[in-house]
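For reference, the chains in residue letters:
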Amino acid sequence: MERGRGEDFCDDMRGVDPDRAITELRRLLPANVLAGLTCLDPWRASLAILQTSSIAAAAFAIAWTHFEPWIVIAAVALIGTQQHALFVLAHDAAHYRLFETRSINEFFGRLFGTLGAIPVGSYRVIHRLHHNNLYGEADPDIALHAGYPRGSGYLVRKLAQDLVGLNAWKNFAYFFGHPAINDATRQPRRPLDDTSAVLRAAARRDRSAVIAAHLAVPALLLLAGGPVTLGKYLVLWIVPLVTVVQPILRLRAICEHGAVVDKSSPLTAARTNVVGPLARLVLFPHHVNYHVEHHLFPAVPHYRLPQLHHELARRGITAGAEMRPLADTLRRVFAPRGSLTAPD
C-alpha cells in the first residue's frame, strides 16, 4: 500500500518479468481487478476476529473453570495457536489492511498486539523493511529464515528450545525493535533507519503501552483475586505466549522464506505453501500461507489472498514461483545442510 516516504509497503515486482518496467508490471492485473482485490470488507475482517477470539475465549474459559492438568495442557496448546492467529490479524493491521477506518484499524491492531506482548507500531517499522528489502542487507528477518537447510538436528533443537521458552526473549526483543545481527558483517540492522518520524513516534508509544499493560494486568489480577487468579492467568495466557507461539513463529517464517535458492524475486524468495485444515489451524491461519502473493501485492487483505492466488495463476504471472505442498517445504527446510544448490 502506497503511503508517505518512510511509511510505504511496496509492491515487490523484482523478477516478475525482467523486460517490463514497473508501470507495465502493474498492468498485469487490470486496475479494476486490483481495485476489487484491495477493497477492504469490514464484515469479513470482523468475522475473522470473531472466529479467532471465540476459540481463544472458549478454551480459556473452560480451562479456567476446570483447571485440571490435561484440560489445561490442551487449552494452552489451543490458546497458543489462537494467539498466533491474533498476531496474523495484527499483521494485517500493521499493513493498514484490517479496517479502512484508520482509528478502528489501529485500535484492533494495537489490541491484538498488546494481547501478544507485541507493539504493532514497532512491528510495522520492522515489517515494512522486510517487505521493501526482501533478502537484502536491510531485511531485519534474515537472521531468522536465511541459511536453510541447516540440517534437521539444528532446526529440531531450535524448535525444542522455542517450545520450552528459552528463545522467547529474542522474539520479543525483535518485536520491540532490537536490531538483529548480520552474520556476514556482524553489524546490527537498525530498523528505524528507513522510517518516517510519524512511525518512529508511534513505535515508541506502542512499546511503552505494551509494557505498561503487561505490568498492570498481573498487578490488578493479584489485587482483585489473589495468587490463584494471577497463577491461572499466567498459565493460560503467558505460558502459551512464551512457549507454544514461539516455535510456530519460527517454523512459519522458515516455511515462508527458508531453503530457497533464488533470492532475486519475490516469486522465488518467498513461498506459498499448500496446506490442509490442521496446518491452517496451527501454522497458517487467515490465509497467511499465500506468501508469494502477499509480497507481490501487500495491499490485498488476507481474505482475498486465495482470489489473488488464482488470478495470478490464471494470468501465468506465478509460473515457476515457489509454491509447494507443505510436506515438500518441510522436507526442504529439514534437509541436510548444503543439500539445496539449484531450483527443482
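You'll find the structure just up there.
Okay, so let's go over this structure. (Residues numbered from 1 in each chain as written. Predicted model: local features only at pLDDT ≥ 70, side-chain atom pairs only at ≥ 80, totals over all residues. Heavy atoms only, no water.)

1. Observations concerning the environment of Trp237
Part 1 of the reasoning: The residue Trp237 is located in helix 10 (residues 197-242) in this model.
Part 2 of the reasoning: Trp237 sits 158 residues away from Ile79 along the chain, and the two C-alpha atoms are 7.5 Å apart.
Part 3 of the reasoning: Apart from residues no more than four positions distant in its own chain, Trp237 is found in contact with Phe60, Ile79, Gln83, Leu86 and Leu115.
Part 4 of the reasoning: Looking at Trp237, its side chain comes within polar contact range of the main-chain oxygen of Leu115, at 2.8 Å. (Helix = DSSP H or I, 4+ residues; strand = E, 2+ residues; numbered from the N terminus. Contact = heavy atoms within 4.5 Å. Polar contact = N/O pair within 3.5 Å; in protein donor to acceptor, adjacent residues only side chain to side chain.)

2. Topic: empty space enclosed by the protein
Part 1 of the reasoning: Evaluated as defined, the whole model comprises three cavities of 30 Å³ or more.
Part 2 of the reasoning: Within this model, the largest cavity holds a volume of roughly 80 Å³.
Part 3 of the reasoning: Lining the largest cavity are 13 residues, with His91, Asp92, His294, His302 and Leu305 sitting closest to its centre.
Part 4 of the reasoning: Of all the secondary-structure elements, those providing two or more residues to the lining of the largest cavity are helix 4 (69-94) and helix 14 (291-296).
Part 5 of the reasoning: Top contributing element to the lining of the largest cavity by residue count: helix 4, with three residues. (1 Å grid on protein atoms, 1.4 Å probe; cavity = no way out; pocket = protein on both sides within 12 Å on 5 of 7 lines; lining within 4 Å. Points joined across faces, edges and corners; volume = space filled by probe spheres on them.)

3. Remarks on a nonpolar patch on the surface
Part 1 of the reasoning: A grouping of Ile55, Leu78, Leu278 and Leu281 is seen on the molecular surface, where their side chains present a nonpolar patch of about 320 Å² in accessible area.
Part 2 of the reasoning: Residue classification places Ile55 among the partly exposed positions, given a relative accessible area of 30%. (Patch = residues over 30% accessible without salt bridge, like charges linked within 9 Å, V, L, I, M, F, W, Y side chains within 5 Å. Areas by Shrake-Rupley, 256 points an atom, 1.4 Å probe, with all protein chains shown as cover. Salt bridge = Lys/Arg side-chain N within 4 Å of Asp/Glu carboxyl O. Buried < 20%, exposed > 50% of the residue type's maximum accessible area, 1.4 Å probe, protein only.)

4. Here's the deal with unusual backbone geometry
Part 1 of the reasoning: The step from Tyr148 to Pro149 runs through a cis peptide bond, and the omega angle for that step is 5°.
Part 2 of the reasoning: Here Pro149 lies in the loop between helix 7 (142-145) and helix 8 (152-163).
Part 3 of the reasoning: In this structure, Ala117 is a non-glycine residue whose phi angle is positive, near 60°.
Part 4 of the reasoning: As for its position among the elements, Ala117 is in the loop between helix 5 (102-115) and helix 6 (120-132).
Part 5 of the reasoning: Note on Ala117: relative accessible area 12%, which makes it buried.

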